[in-house]
Amino acid sequence: MTGCYFSLGLTMCVRNCFQSSCLQWAWRTTFLKHIQRRHQGSHGWTHLGGSTYKAVIFDMGGVLIPSPGRVAAEWEVQNRIPSGTILKALVEGGENGPWMRFMRAEITAEGFLREFGRLCSEMSKTSVPVDSFFSLLTSERVAKQFPVMTEAITQIRAKGLRTAVLSNNFYLPNQKSFLPLDRKQFDVVVESCVEGICKPDLRIYKLCLERLGLQPSESIFLDDLGPNLKAAASLGIHIIKVNDPETAVKELEALLGFTLRVGVPNTQPVRKTMEIPKDSLEKYLKDLLGIQTTGPLELLQFDHGQSNPTYYIRLANRDLVLRKKPPGTLLPSAHAIEREFRIMKALANTGVPVPNVLDLCEDSSVVGTPFYVMEYCPGLIYKDPSLPGLEPSHRRAIYTAMNTVLCKIHSVDPQAVGLEDYGKQGAYIPRQMRTWVKQYRASETSTIPAMERLIEWLPLHLPHQQRTTVVHGDFRLDNLVFHPEKPEVLAVLDWELSTLGDPLVDVAYSCLAHYLPSSFPVLRGFNDCDLTQLGIPAAEEYFRMYCLQMGLPPTENWNFYMAFSFFRVAAILQGVYKRSLTGQASSAHAEQTGKLTEFVSNLAWDFAVKEGFRVFKEMPFKNPLTRSCHTWARPQSRWYPIGTRSYSSVPEASPARASRGGLVISPESLSPPVRELYHRLKHFMEQHVYPAEPELQSHQASAARWSPSPLIENLKEKAKAEGLWNLFLPLEADPEKKYGAGLTNVEYAHLCELMGTSLYAPEVASSDATNIEASIREEDSFYVINGHKWWITGILDPRCQLCVFMGKTDPHAPRHQQQSVLLVPMDTPGIKIIRPLTVYGLEDAPGGHGEVRFEHVRVPKENMVLGPGRGFEIAQGRLGPGRIHHCMRLIGFSERALALMKARVKSRVAFGKPLVEQGTVLADIAQSRVEIEQARLLVLRAAHLMDLAGNKAAALDIAMIKMVAPSMASRVIDRAIQAFGAAGLSGDYPLAQFFTWARALRFADGPDEVHRATVAKLELKHRI
């Protein structure tokens, strides 16, 4: 789209993921001409042959909305499906293929997905979740009409021409046809699923012309597929092949002879809260420009921009841009348009591309606040950093040009251009921290824990600043205007945050998109895309490119710079949100930013943690960061690595539509979003977790086992990046899905079973909170705690900084009100870790399970959670999905054990015949399958009751699953070990550890006897 000036500074609204963000390179020579005649009157609309067009017929997919092929290409990259799989399956079978039969309504959506899924899986030789693709294709997020086409249709109809849509489409499961368009735009709508015929069948074109009442030569047809266009042309219809909607509209303009885009791109009528007096502005501009004309002043507002309101002005053939401070009381030193004007004026002749600024007006009587005026410069602004629609080589060239311009900015001599006093020398980041903390505090609306941690952590880990240069302060791709013909930057916009400072802050800030998801609504990223396929340099390569051009060595503390950058973003978002509450924000989308501040601050904290881990890894090994222990376990024998294997999981059921509120017993019956999440998790386990197990096992047996495994940390970051984090958080505890996926207990149960197929992440919990005997005694403004505790999970991890301590504050209170919970920093005097405890000889390093003494440990009173006497309440309330978590993990253990057993008995021979032919082995396999299915159904029933009636109503079922699942898993795993022989006891396979944790959970989740007693009491109470 054509470029425009606007204050981005976190100003982007939600984008259409699949709409091209720029014009194709093909219309280069017509670009400036179009800009120039934008406001001219319409010409005649007769084509070269002399006849008059009376109608324009539009295809839907690929013309009015994103094509299935484009959506499929993006989806395949994100889901790591072999490129081209969906497109090949769409055309497979031609007229008799599933796609064409689906569009003729010869098969239902359910039948199509079943047949299409099988076809895709056969072609790619992997499981392809086609229902996920179908959900995306038909979602409101994707199936949105291109604005350029909406505008074109409006102009066509305004000229008296007729419009039609001629679409190969289908019926949705709700029996409505898929037509996500406003039907009022069209005089005629022809749909293949309604008519039972599809393009390129000539009958459907004739039907459309008949309903329009026109001859073929009187119409123009737009489609993105060659066969459809060829058929239309054979009838005498004029055709336009659509590769890009913008380019197609230009071709359509050439045929019709009048302009279809009459406005300035990315503008809208001025919002009511952002109106400015036109009369005084017009007088000011006429005096400034020496204009005598009496023509009207045209004023529009750019529809992006949440920092400084930005306006397009046309007066007497002059195209201008005005940027002003927002109205109302502003934060200190914010919205410094004066600095923007000064630096752009200073950089005008330095080789740094900047707009041509005309004047700074500090007289608030003109438009209400100070402002400046500059010339409007047409060009391309790439709002989507993944640059859809461009070739990989073009994408790389764009990012290379971006990098080059940044180097030019950082090479400017401030003194030579009169900017030596534009900022202080040195200590840039400490000053920035003070500024942004002040800004954040002034706009704070609630406490955000990650922001508080960052405010404390960042000043303690400052890098040493090597250089002081001009810094832009908000350098991102969408703040650049590019030449329409080549990858060259014409102008750098939005200098509001510029100063003199550390140039590496600019470099890190320009890489924000590398770490944000494509679905992020304010500042879109591409961390869920394949950069190799896109051709976009990775953040590391981009940084090396910068260092090479500048002749600098790479910095080691990149994670700090990213943490600081995202901290700034969070502070800016909070300011935008606060202004939105009073109507001061210049974008209509500003209110969305409220819930995003916490997301971004958590992302910043993740980088802070990585930076701390980098420092930790660089510490000398002779002084490892571990806690002192009186007794350590003896060295264990080495684990032998195992080969990478593929393991089966839950058997796939045929797709079924679960009724609302019904019990979902198969992953394939989950809702489309959760089913997609399940398949992404399954892919992650197969691609990353299972292959990593041998190395993780080796680490657990090594001398370095009490230090965190870098591989685990890497897996965590990958899981976070793929949205597979905090899946356990229940919907009732996180209704806005700020921290997790917002799953119900039943939905989480299916994912939890899948996660249970790997060893890593066993958990241990107290079986009876009322048995806690450690004391908490009040003394002045402190609590003094004393106690001797065993099986304290995670306390041996060198990163453990906080202990959640439960003890008795009032032994004379009612039984369930005696206990309280305190947060105890691990560096508090009096905490002594005695030793790591083992479970069947396993230490579970690096977190481990410690024996710990608390002797006269003094903790401030404000560290009490909720209040005195609420410990049991906390212990029960924290469980949520934890009630079914261990049970479904045990089913995951059992499924993998059974899969290993089946593979083993097929390949081994004993007593002259394969094990699989032994009767006892077959009986064991059958018994294991039955027991797994029984346990799974019982656990899913419990989860279902928890979702429908609450945890209390599901008490009987929860007790039953805790009684059944561990014993079932122990039996199934034991049978698998027996089939393996002695190998099953070794570390070559996960069976021994599976068995260990299955047995341990018969205590960790409460002794079997407790659960049996609970079931019996409830049975006697309610069922006599």
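Residues numbered from 1 in each chain as written. Predicted model: local features only at pLDDT ≥ 70, side-chain atom pairs only at ≥ 80, totals over all residues. Heavy atoms only, no water.

> What is the right way to look at the overall build of the chain in this model?
The helix and strand inventory of the chain stands at 30 helices and 23 strands. Taken across its 1024 residues, the chain has 55% of its residues classed as buried. By sequence separation, contacts in the chain at least 24 residues apart represent 73% of the contacts at least 6 residues apart. Surface exposure of the chain reaches about 43700 Å², of which carbon and sulfur atoms provide 54%. (Helix = DSSP H or I, 4+ residues; strand = E, 2+ residues; numbered from the N terminus. Buried < 20%, exposed > 50% of the residue type's maximum accessible area, 1.4 Å probe, protein only. Contact = heavy atoms within 4.5 Å. Areas by Shrake-Rupley, 256 points an atom, 1.4 Å probe, with all protein chains shown as cover.)

> What's the story with the sheet that holds strand 2 (residues 162–167) in this structure? I'm lost.
Through backbone hydrogen bonds, the strands of a sheet pair up, either in parallel or in antiparallel fashion. Ordered in space as 3-2-1-4-5, the 5 strands form an open sheet in which the pairing is parallel. Each edge of the sheet is formed by a strand with only one pairing partner; in this case those strands are strand 3 (188–191) and strand 5 (238–241). Shown here is a sheet whose adjacent strand axes are inclined to one another by a mean of 20°, direction ignored. By the bridge criterion, 4 bridges tie strand 1 (residues 55–58) to strand 4 (residues 219–223) in an arrangement that is parallel. Its bridge partner lying in strand 4, Phe58 is registered against Leu222. Helix 10 (residues 226–234) contacts strand 4 and strand 5 of the sheet and is inclined by roughly 165° relative to strand 5. (Pairing = 2+ DSSP bridges. Axes fitted to C-alpha atoms, helices over the stretch in contact; angles between N-to-C directions.)

> Sorry, what's going on with the packing of helix 28 (residues 955–980) against helix 29 (residues 991–1004) here?
Between two packed helices, the angle of one axis relative to the other and the distance separating the axes together describe the packing. Between helix 28 and helix 29, the least distance of the axes is 9 Å, while the angle of their chain directions is 155°. By the criterion of interaxial angle, the relationship of helix 28 to helix 29 is roughly antiparallel. Crossing angle aside, the handedness with which helix 28 passes helix 29 is left-handed. Mapping the contact onto sequence places Pro966, Ser967, Ala969, Ser970, Ile973, Asp974, Ala976, Ile977 and Phe980 in helix 28 and Leu991, Phe994, Phe995, Ala998, Arg999, Leu1001 and Arg1002 in helix 29. Of the residues that constitute the contact of helix 28 with helix 29, the class distribution is 11 nonpolar, 2 polar and 3 charged. (Parallel < 35°, antiparallel > 145°, perpendicular 65-115°, else oblique. Left-handed = near helix turned anticlockwise from the far one by under 90°. Nonpolar A, V, L, I, M, F, W, Y, C, P; charged D, E, K, R; others polar.)

> So what exactly am I meant to see when it comes to the state of the cysteines here?
Each disulfide consists of one covalent bond between the sulfur atoms belonging to two cysteines. With the rule as written, the count across this model stands at 0 disulfides. There is no disulfide at Cys407, and the cysteine sulfur nearest it, in Cys547, is 8.8 Å away. Residue classification places Cys407 among the buried positions, given a relative accessible area of 5%. (Disulfide = S-S within 2.5 Å.)

> Teacher, can you tell me more about the confidence of the model for the chain here?
The predicted structure's coordinates, where accompanied by low pLDDT, should not be read in detail. In the predicted model, the chain carries a mean pLDDT of 80, and 83% of its residues have values of at least 70. Across residues 619–661, where pLDDT falls below 50, the model places 80 contacts with residues more than four positions away in sequence or in other chains. Note that residues 761–769 has pLDDT below 50 and, in this model, 24 contacts with residues that lie over four places away or in other chains. (pLDDT = per-residue confidence, 0-100.)

> When you look at unusual backbone geometry in this model, what are you seeing that I'm missing?
For residues besides glycine, phi is generally negative; the peptide bonds are generally trans as well. Cis geometry is adopted by the peptide bond preceding Pro200, which originates at Lys199 and carries an omega value of 10°. Mapped onto the elements of the fold, Pro200 is located in the loop between helix 8 (192–195) and helix 9 (202–212). Positioned with a positive phi, Leu387 is a non-glycine residue whose angle comes to about 50°.

> I would appreciate a short explanation of the pairing of strand 1 in the present structure.
Two faces make up the sheet, and in a regular strand the side chains alternate between them. Where burial is concerned, the two faces of strand 1 agree: the one with Ala55 and Ile57 and the one with Val56 and Phe58 are both buried. Where strand 1 meets strand 2, 4 bridges bridge the pair, whose relative direction is parallel. When the sheet's bridge partners are listed, Phe58 is paired in strand 2 with Val165.

> Which parts of the structure should I look at to understand the pairing of strand 14 (residues 489–492)?
With 3 bridges connecting them, strand 13 (residues 480–482) and strand 14 associate as antiparallel partners. The partner of Val481 across the bridge, within strand 14, is Ala491. Linking two consecutive strands that pair antiparallel, namely strand 13 and strand 14, is a turn of 6 residues.

> Would you take a moment to explain the nonpolar core for this structure?
A general trend in soluble globular proteins is that nonpolar side chains are found buried together. In this structure, Leu458, Phe475, Phe482, Trp495, Trp558, Phe566 and Phe567 are the most contacted members of the largest nonpolar core, which totals 97 residues. With 14 residues, helix 20 (residues 558–581) is the largest single contributor of residues to this core. With sequence-adjacent residues up to four places away left out, Trp558 is seen in contact with Val507, Ala508, Cys511, Tyr515, Ala539 and Phe543. Core analysis: the second largest hydrophobic core is formed by 68 residues, Leu677, Val839, Leu915 and Met968 among them. (Core = buried A, V, L, I, M, F, W, Y, C linked by side-chain atoms within 4.5 Å.)

> Explain helix 24 (residues 745–755) to me, please; I cannot follow it from the model alone.
In an α-helix, one turn spans 3.6 residues, which is why side chains three or four residues apart end up on the same side. With 10 of 11 residues buried, helix 24 is to be regarded as a mostly interior element. Those residues of helix 24 that sit buried are Asn745, Val746, Glu747, Tyr748, Ala749, His750, Leu751, Cys752, Glu753 and Leu754.

> Is there a simple way to think about the side chain of His410 in this case?
Take His410: it is sitting in helix 14 (residues 392–410). Among the polar contacts made by the side chain of His410, one reaches the side chain of Tyr546 at a distance of 2.7 Å. In this structure His410 touches Arg467, Thr469, Val470, Val471, Pro503, Asp506, Val507, Tyr546 and Met550, once residues within four positions along its chain are discounted. (Polar contact = N/O pair within 3.5 Å; in protein donor to acceptor, adjacent residues only side chain to side chain.)

> Teacher, can you tell me more about the packing of helix 15 (residues 428–443) against helix 16 (residues 449–457) here?
Direction vectors running N to C along helix 15 and helix 16 enclose 155°, while the axes themselves pass 11 Å from each other. If you check the angle between helix 15 and helix 16, you find them roughly antiparallel. For the element pair helix 15 and helix 16, the recorded crossing hand is left-handed. Contact residues: helix 15 offers Met433, Val437, Tyr440 and Arg441, while helix 16 offers Met451, Glu452, Leu454 and Ile455.

> Just to check I follow, could you spell out the pattern of salt bridges for this structure?
Side-chain pairing between opposite charges can occur once the charged atoms of the two side chains come close. Tallying each qualifying case throughout the model produces 42 salt bridges. A salt bridge links Arg104 to Glu106; the nearest nitrogen and oxygen atoms lie 2.8 Å apart. Residue Arg104 is classed as buried on the basis of its relative accessible area, which comes to 12%. In this structure, Asp957 engages Arg941 in a salt bridge whose closest nitrogen and oxygen atoms are separated by 2.5 Å. In this pair, Asp957 sits in helix 28 while Arg941 sits in helix 27 (residues 919–949), placing the two residues 16 residues apart along the sequence. When its relative accessible area of 3% is taken as the criterion, Asp957 is described as buried. Via salt bridges that share partners, Glu753, Glu895, Arg929, Glu933 and Arg936 belong to a single interconnected network. (Salt bridge = Lys/Arg side-chain N within 4 Å of Asp/Glu carboxyl O.)

> For this particular structure, what's the right way to read the environment of Ile961?
One can find Ile961 in helix 28. Since its relative accessible area comes to 1%, Ile961 is described here as buried.

> How should I be thinking about helix 28 in this particular structure?
Compared with an ideal rise of 1.5 Å per residue, which puts 26 residues at 38 Å, helix 28 spans 38 Å between its outermost C-alpha atoms and is within 8% of the ideal. Of all 26 residues in helix 28, 19 are buried, a share of seventy percent or more. Positive backbone phi, approximately 70°, marks Gly981, located one or two places after helix 28. (Expected span 1.5 Å × (residues − 1).)

> Is there a simple way to think about the environment of Asn228 in this case?
Examined against the element boundaries, Asn228 turns out to sit in helix 10. A C-alpha to C-alpha distance of 9.2 Å links Asn228 and Leu202, two positions 26 residues apart in sequence. Apart from residues lying up to four places away in sequence, Asn228 is in contact with Lys199, Pro200, Tyr205, Phe221 and Asp223. One polar contact links Asn228 to Asp223, side chain to side chain, over a distance of 3.3 Å.

> In this structure, what is going on with the sheet that holds strand 11 (residues 371–375)? I would like to understand it.
Reading across from one edge, 6-7-8-9-11-10 is the order of the 6 strands in this open sheet, with antiparallel pairing throughout. Edge positions in the sheet fall to strand 6 (267–268) and strand 10 (357–361), since each has one partner strand and no second. Inspection of the sheet shows strand 6 paired to strand 7 (residues 298–302) by 2 bridges, in the antiparallel sense. Across the sheet, the residue bridging to Thr267 is Phe302, located in strand 7. Here helix 13 (residues 337–346) sits on the sheet and contacts strand 9 (318–324), strand 10 and strand 11; the angle it forms with strand 10, its principal contact strand, is near 150°.

> Explain the packing of aromatic side chains here, please?
Pairs of aromatic rings are described using the distance from one ring centre to the other and the angle between the two planes. What the rule picks out here adds up to 26 aromatic pairs. Each ring, one from Tyr382 and one from Phe482, has its centre 5.2 Å from the other, and the planes form 65°; the classification is edge-to-face. Taken together, the positions of Tyr382 in the loop between strand 11 and helix 14 and Phe482 in strand 13 put the pair 100 residues apart, joining distant regions of the chain. Accessibility assignment for this pair places Tyr382 and Phe482 in one class, buried. With a centroid separation of 5.9 Å and an interplanar angle of 85°, the aromatic rings of Phe560 and Tyr561 are classed as edge-to-face. In terms of burial, Phe560 and Tyr561 fall into one category: buried. Grouped by ring-pair contacts, the aromatic residues Trp99, Phe102, Phe112, Phe116, Phe134, Phe170 and Phe178 constitute a single cluster. Taking the ring centre of Tyr422 as reference, the NZ or CZ of Arg339 above it sits at 3.9 Å. Here the guanidinium or amino end of Arg858 rests over the ring plane of Phe782, the centre of that ring lying 4.7 Å away. (Phe/Tyr/Trp six-rings, centres within 6.5 Å; stacked < 30°, edge-to-face > 60°. Lys NZ or Arg CZ within 6 Å of the ring centre and 35° of its normal.)

> Is there a simple way to explain the side chain of Ser967 in this structure?
Structurally, Ser967 is set in helix 28. Excluding residues within four positions of it along the chain, Ser967 makes contact with Arg1002 and Asp1008.

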